[in-house]
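Close look at the chain arrangement
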Amino acid sequence: MAPHDLRRPFKRPAISDQQRRRELSLQRQSQNRRDAQQQARCLASSVLSLQSQYPDPVPELEIEPESQPQQEAGPLTKDLDIRQASKLRGPEVRKWFASQLMLPEWMIDVPDRLSHDWYVFARPAGKRCMVVSSNGTTVSRERNGSILHHFPSALPSGARTKDPSGSAQSYCILDCIFHELDQTYYVIDMVCWRGYSLYDCTAEFRFFWLNSKLAETGACDAPSHYHKFRFSTVPVYDCDQRGLYSAYIESVPYAKDGLLFYNKHAHYQTGNTPLALVWKDEKCSQYVIDTDSKGQVLSQQQIIGAKPELRQLVVLELQEDGKLSTSDDPPVIFGCLDGEFIQKSGLQSGSLLKFAIGNGGLSFVDGKLEKSDLNYLGKSNRARMFADSYSKVIFQYMVRHTPLKFDDLLASVSPSDDEENKPCDVEMVD
Amino acid sequence: MAMEITQFLLAAQSADANIRNEAEANLRQLQQQNLPGFLLSLSVELVNNEKPTESRRLAGIMLKNSLDAKDATTKEDLAKQWLAIDISYKSQVKDLLLRTLASPVPEARHTSAQVIAKIASIEIPQKQWPELIRSLLNNMTQQDSLAALKQATLETLGYVCEEISHQDLVQDEVNAVLTAVVQGMNLAEHSAEVRLAATRALYNALDFALTNFQNEMERNYIMKVVCETAKSKEVEIRQAAFECLVSIASTYYEVLEPYMQTLFELTSNAVKGDEEAVALQAVEFWSSICDEEIELQEFENPETGDSDSPNYHFIEKARSSLVPMLLETLLKQEEDQDQDDSIWNISMAGGTCLGLVARTVGDEVVPLVMPFVEANIVKSDWRCREAATYAFGSVLEGPTIDKLAPLVHAGFDFLLNAMRDENNHVKDTTAWTLSRIFELLHCPATGFSVISPENLQRILTVLLESIKDAPNVAEKVCGAIYYLAQGYEDAGPSSSLLSPYLTSIIAELLRAADRTDVGGSKLRSAAYETLNEVVRCSNITETSQIIAELLPAIMGRLGQTLELQIVSSDDREKQGDLQASLCGVLQVIIQKFSSTDATKSFILQTADQIMVLFLRVFACRSSTVHEEAMLAIGALAYATGPEFAKYMPEFYQYLQMGLQNSEEYQVCAITVGVVGDVCRALDDKVLPFCDGIMSLLLNALSNSQLNRSVKPPILSCFGDIALAIGVHFEKYVPHALQMMQEAAKACAQLDMEDEELIDYGNQLRSSIFEAYSGILQGFKSARAEVMMPYAQHLLQFIELIFKDNHRDENVTKAAVAVMGDLADALGPNTKLLFKDSSFCNDFMSECLRSDDEQLKETAGWTQGMINRVLVS
């Protein structure tokens, strides 16, 4: 019924700016919604605690290669994602990053079904770090949160290049070891890829994803202007005899620092986990006896002990009731200080104290720690944030007295022993 | 029984508000107490020639409003209401209306024709008024029918045909109706009054005549009569006949070929010699043909030229005669056409059509137009110079850059000089032509631009000088700057070229916006819109300091609008418009600054003052919220993040108001979007406001009056809220999930023939999935089991959509993501569900095969989540 309107836009742009603004707002909002949901997808499973009751540590002077940070239980105060965390400063950032990596326990006995349920690979010697690529840059941070490198990389969102899929959310988090000699980041685990969380995925899936995705990006290519360091995967084997043997013996482009064992079904769990294990002997690591960050055997050990290589230091946490505990959850008690001594020395609960294991050593009953001969040396270096873990103390003790040998491992995965898969305490003859 | 309501109907139109209100209340009461009796009374009023025209007019309007409404839901309710009325009342009403068609009062006949068509639109599809067509046709064949009755009957037939589909009648009836209409156009038998009514009826019945247009003989007959009518001696009838031709051009393009020779002659005579009203329709005929062929080209297969419908290339074939004809019209400008928005004349229509021809035939138009341009551009008559410039500007869209580049390069300097022409029209059109050049031939990002670092300075000198010219010229200059800036958006290193000039561009745009001599022109809004584009496209790292200085300047202006003295509603409207422009600029600045970490601080430092201004802008109005301020606040919430919490106590009332504004649905939609921004900014700090927000959102969703386009964003917003407040969403779950399930059901009932509805359905689906994703993620760590009862329904819905071939990419992405969320949040509980959902595998492999990296990644992640559940 309406009469036909002849008028057409004349000498006028067809788009109204208001409409344009509305559309741009809508675009921004739906992008933000996608980002928020994506972020929840990525990080809901890595709810992280950030608590401020820790004493403020001073910058770290001494970093032990495998010191054991502890993930604090208790109410979660704040959820952060890795990009927010990177804006943290000072001690906060170190606490945050210290709790982000999955930390293997030391192998003090051989787990069941090693050949069925586990992977093994040779751990590259170097600095364990978390590599985050996002917003056109890549940052690697050591366990203490300090920045190792800040560089462009071929990882998704890792450099300011035109990446067709380069949304701000397309970030990656890789668990790496930086190998000084060939200036290469060896990726030992994949935590997030292109914004997708792999926290809740099994190691099997993560390693599959790692091996299929990393090379696609060009991250394994030789360094170039937009790709400052090479990344590399490490050969991962099923932990059967052949695999174990290959990991132990076969030459790799990097210096080995022990063997890592990953349970295939385990998710990426931050902090200590018995589902990842580290094992070392002199053949595959130059750092079997715990050393300082320069690889020197700790100096105090040399001074005090008659047989330096056998002296062992442990760091334990003083509890309120005077007990000395490890960093494990629940903690393992190694001994007790009497109240008078504590008062006299001005020690407070929560302090980290350094002890030497005396000639009495550690004694076990039914595989449980019964007694330990501890000699108080003093407060630990203030940079230390956590006590030693039980497995570390025991492994170091065993190394000095009754080491778990490679042959033991090999025997435990021998086909004949397949059904049992018990740790073997009979030494095989070569 | 009919009531005597004349007094009420007259009083309801009284100048005295008290009398008017009372009468309206009385009428409403009558309507509510006894609708059938009331409608009958209205028809009795309408049919009675003794009654005053005023009361009959209102009676007709009220009848119409009881049967029809713009809003689809209300319309449906009214139809049901009518159908429910007792048949004896309905028959009486219909009878009275048909009798009114014979009234000597034209207005009563006209109203009655409209009301009959409304009833027909309700009843005929239900086969409830079978005798209508017969009795209307009877009016036409009765020898003794008066011309007035025939005129009204034809008008009624036209309206009825417009309301119903030809499928609602048997073909014999359709034929009879069209025969009656076309015969009504017959010169020998009928008076001018009847022929005009018949021609207009045919116009309304063209869609209805689908079957007849497919039959060659009938089509020939209709076309012959229309073409004859287009030569009637009465100008109104010629105009109506040309209107039919325009409509036929777009409705029946595919059958036009045999008539094109005749139609070309007919239209070309009209353009050259007929009255302007007719000539305008004749030009419009060609514009419509262009529209059709442009659309056909868009759907053509570029390789083979194939498409579903044939393209007859009428424009290409007619171009050598058509283009000169259109060029001639360009010389018929009116003196003040650039100052007055309401003017539409033959030169404007001709110029517009020429632009469409260029888009239709591309390069071939250039040699036909350039001689005209070259011959006229230097003449002393301003009309020649303006026409030449307009012709040049018209052909810039369509031909290839290769064809145009040498011409534009050659003429560019000339155009810049023409900005100093003595004639206002020439300058207006020159500025417009420059803006077209910048729009179409200035794209550094892809490598071609007429602007070089060498000539940029001269261009800007000319533009910034001309922006001080007359308001109409200045407005076009703003357009030129707009496109000049736009070309540098995302242009890499080239975007730096404009940076050194930014300060002076901004200063001149602000000065233009402040001009008081603008009269009716849109200079002010054009200046602010251009400012927005300049800011949006600027190179942020180089210009952040300049934009940081602009921010307080705009805030100051917005502050001044609050001091304006408001005495009339006109003042209020002007204040609102100015605030809209300024809030728009602020929004753009906020968004620009929050795009980089380095510049975000500019906003954070001033967020308090900005927010105070917005709140004061809101306070200027009592019943509505200011749409632009709302839009800007969304951007501010995004920029400030959790800090936004401190504004919430004050802002919340406006958020409520916006969510309740179902009439201005854009406002409601924008407010819903802002709720999402606020949720993301505040996270769980939004909790205290959620009860209120959720109840308003739920209300809005169930409000059938609210424009449907707002509903998908509301569903997505559930997800935003759930993600922000996590487990606290639990209490809303029963309501929200019910709405989501109903929406899912509604998707299945949409008409999948209608493209708009397909789009809408896809939006709805994406939003439902986004809502599920947000809720699942929100509950994941603590109360995921709450969602367990809904898991199966969700999977079934996804399956349904997986099998739907109308599903678009966004829906696919959202569906895949929500599957992953379901597996992720509910874990092993969903093992059986996923085991039973065999479609998942097919869906996953479809997605994993996609070329879309993002979709592949999402699918890979989801696959991982599902596998984890399946092996658990």
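Remember, predicted model here, so these are calculated numbers, not experimental data. (Residues numbered from 1 in each chain as written. Chains lettered and ligands numbered in written order. Predicted model: local features only at pLDDT ≥ 70, side-chain atom pairs only at ≥ 80, totals over all residues. Heavy atoms only, no water.)

**Topic: the overall build of chain B**
When helices and strands are counted, chain B shows 41 helices and 2 strands. When each of the 872 residues of chain B is scored for burial, the buried share is 58%. Relative to all contacts within chain B whose residues are 6 or more apart in sequence, the contacts with residues 24 or more apart total 72%. Carbon and sulfur atoms form 49% of the exposed surface of chain B, whose accessible area is close to 36,300 Å². (Helix = DSSP H or I, 4+ residues; strand = E, 2+ residues; numbered from the N terminus. Buried < 20%, exposed > 50% of the residue type's maximum accessible area, 1.4 Å probe, protein only. Contact = heavy atoms within 4.5 Å. Areas by Shrake-Rupley, 256 points an atom, 1.4 Å probe, with all protein chains shown as cover.)

**Points about the interface of chain A and chain B**
Size of an interface, as often reported, equals the accessible area lost when the parts are brought together. Contact with chain A, which involves 40 residues of that partner, is made by 77 residues of chain B. Linking chain A with chain B are 12 salt bridges. The salt bridge partner of B:Glu857 is A:Arg194, with a shortest N-O separation of 3.0 Å. Take the side of chain A that touches chain B: its biggest share by element is 16 residues, from helix H1 (residues 17-43) of chain A. When the residues that make up the side of chain A that touches chain B are grouped by side-chain class, the tally is 15 nonpolar, 11 polar and 14 charged. (Salt bridge = Lys/Arg side-chain N within 4 Å of Asp/Glu carboxyl O. Nonpolar A, V, L, I, M, F, W, Y, C, P; charged D, E, K, R; others polar.)

**Some points on the nonpolar core**
Counting 413 residues, the largest nonpolar core has A:Phe261, B:Phe438, B:Phe651, B:Phe718 and B:Phe729 as the members making the most contacts within it. Contacts of A:Phe261, omitting those with residues within four sequence positions, involve A:Met107, A:Leu114, A:Trp118, A:Tyr119, A:Val120, A:Cys239, A:Leu244, A:Leu275, A:Ala276, A:Leu277, A:Trp279 and A:Leu409. (Core = buried A, V, L, I, M, F, W, Y, C linked by side-chain atoms within 4.5 Å.)

**Overview of the sheet that holds strand S12 (residues 271-279) of chain A**
Residues and elements named next belong to chain A. Here 5 strands make up an open sheet; going across it, the order is S1-S12-S11-S2-S10 and the pairing mixed. Each edge of the open sheet is held by one strand with a lone partner, namely strand S1 (102-106) and strand S10 (237-238). Summarising the sheet, strand S2 (residues 118-124) and S10 pair through 2 bridges and their orientation is antiparallel. Counted as the bridge partner of Val-120 is Tyr-237 from S10. The strands touched by helix H5 (residues 203-213) are S1, S2 and strand S11 (256-263); relative to S2, the strand with the most contacts, the crossing angle is about 50°. (Pairing = 2+ DSSP bridges. Axes fitted to C-alpha atoms, helices over the stretch in contact; angles between N-to-C directions.)

**Digging into the sheet that holds strand S17 (residues 368-379) of chain A**
Residue and element names in this part refer to chain A. Strands sit in the order S15-S14-S13-S16-S17 across an open sheet of 5 strands; the sheet is antiparallel. In this open sheet, the two edge strands, each paired with only one partner strand, are strand S15 (333-336) and S17. Taken pair by pair, the neighbouring strands of this sheet meet at an average axis angle of 45°, ignoring direction. By the bridge criterion, 9 bridges tie strand S16 (residues 352-365) to S17 in an arrangement that is antiparallel. Within S17, the position partnered with Ala-356 by the bridge is Asn-375. Of the strands in this sheet, strand S13 (313-318), S15, S16 and S17 are in contact with helix H9 (residues 390-400), which crosses S16 at around 65°.

**A short note on the side chain of B:Thr100**
All names here are of chain B. With respect to the helices and strands, the residue Thr-100 is situated in helix H6 (residues 87-100). Engagement of the side chain of Thr-100 in a polar contact is seen with the backbone oxygen of Leu-96, the distance being 2.7 Å. When sequence neighbours within four positions are dropped, the list of residues in contact with Thr-100 reads Leu-46, Val-47, Arg-56, Ala-108, Arg-109 and Ser-112. (Polar contact = N/O pair within 3.5 Å; in protein donor to acceptor, adjacent residues only side chain to side chain.)

**Overview of the state of the cysteines**
The tally for this structure, following the rule as stated, stands at 0 disulfides over all chains. Here B:Cys620 stays free of any disulfide, with the sulfur of B:Cys583 as its closest cysteine sulfur at 9.7 Å. (Disulfide = S-S within 2.5 Å.)

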